[in-house]
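Coordinates in review
So the chains spell out like this:
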Amino acid sequence: MSEFALPTDHPFHLKTVLAMDFGEKFIGVATFCVNRDPFPTPYGRIQNTGPDAVIKELKRIIDDEFVDMIVIGLPHLTDGQKTSTTTKAQNFVNFIREHFTLPIEEQDETLSTFEAESRMKNSPRYNFQVDLKQIDAVAASVILEDFIRRTKHRPSL
């Protein structure tokens, strides 16, 4: 049984979750259908060329993947303090909430990019190298994994 399997009475059972790793140039995206997929997987990235382009691409992904909820990573320092990037990511969360009626959750993404780099360096899938074109999506999958772990035993957030 996968560590990402949830009880069948969990509110996320068979829900498709989309996670995002916000960046000023690119937004990493990962998806996971709870109790159908074995684990969250990188989906790709959205070029952050402006609000209209981001919303258009997100709508396409949400429709194509039948997304039921969105998780967005919020970066903090390792001691939990906020940074200017935290504020930008929070503004992005608020912007997404204005444009979508889906449930939107926030997830601490501290060290998600570091973890994504480590995974890439240790994986033949990425030729044991950091692929800058895929790092954002891998970081989004780390964010989604952390979210599922956090909610596994606490179904109501």
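Refer to the structure printed above.
Report on the accompanying structure. Everything numeric here is computed off the predicted structure, so don't read it as measured data.

Quick look at the nonpolar core
- Counting residues in hydrophobic clusters, the biggest one holds 21 residues, and the most contacted among them are Leu-18, Met-20, Leu-58, Ile-70, Ile-72, Phe-92 and Ile-96.
- Residue assignment for this core shows that the elements contributing at least two residues are strand S1 (16–21), strand S2 (26–33), helix H1 (51–65), strand S4 (69–74) and helix H2 (84–99).
- Looking at which element gives the most residues to this core, the answer is H1, with five residues.
- Not counting chain neighbours up to four residues away, the residues in contact with Ile-70 comprise Leu-18, Met-20, Ile-62, Ile-96, Leu-102, Pro-103, Ile-104 and Glu-105.
- Counting 15 residues, the second-largest nonpolar core is a separate cluster that includes Val-17, Ala-140, Ile-143 and Ile-148.

Thoughts on unusual backbone geometry
- We note that Asn-127 has phi near 60°; this positive angle belongs to a residue other than glycine.
- Located in the positive-phi region is Phe-128, a residue other than glycine, with phi close to 55°.
- Of note, Phe-128 is situated in the loop between helix H3 (112–121) and helix H4 (135–152).

Points about the pattern of salt bridges
- All told, the structure shown has 11 salt bridges when counted by the stated rule.
- With its nearest N and O atoms 3.0 Å apart, the salt bridge here joins Lys-88 to Glu-24. Placement of the pair is Lys-88 in helix H2 and Glu-24 in the loop between S1 and S2, with a sequence separation of 64 residues.
- Overall, the relative accessible area of 36% leaves Lys-88 in the partly exposed class.
- As a salt-bridge pair, Arg-149 and Glu-145 come within 3.7 Å of each other at their nearest N and O atoms. In this pair, Arg-149 and Glu-145 both sit in helix H4, four residues apart, roughly one turn of the helix.
- Salt bridges linked by common partners bring Glu-3, Glu-115, Arg-119, Glu-145, Asp-146 and Arg-149 together as one network.

Analysis parameters
Residues numbered from 1 in each chain as written. Predicted model: local features only at pLDDT ≥ 70, side-chain atom pairs only at ≥ 80, totals over all residues. Heavy atoms only, no water. Core = buried A, V, L, I, M, F, W, Y, C linked by side-chain atoms within 4.5 Å. Buried < 20%, exposed > 50% of the residue type's maximum accessible area, 1.4 Å probe, protein only. Helix = DSSP H or I, 4+ residues; strand = E, 2+ residues; numbered from the N terminus. Contact = heavy atoms within 4.5 Å. Salt bridge = Lys/Arg side-chain N within 4 Å of Asp/Glu carboxyl O.

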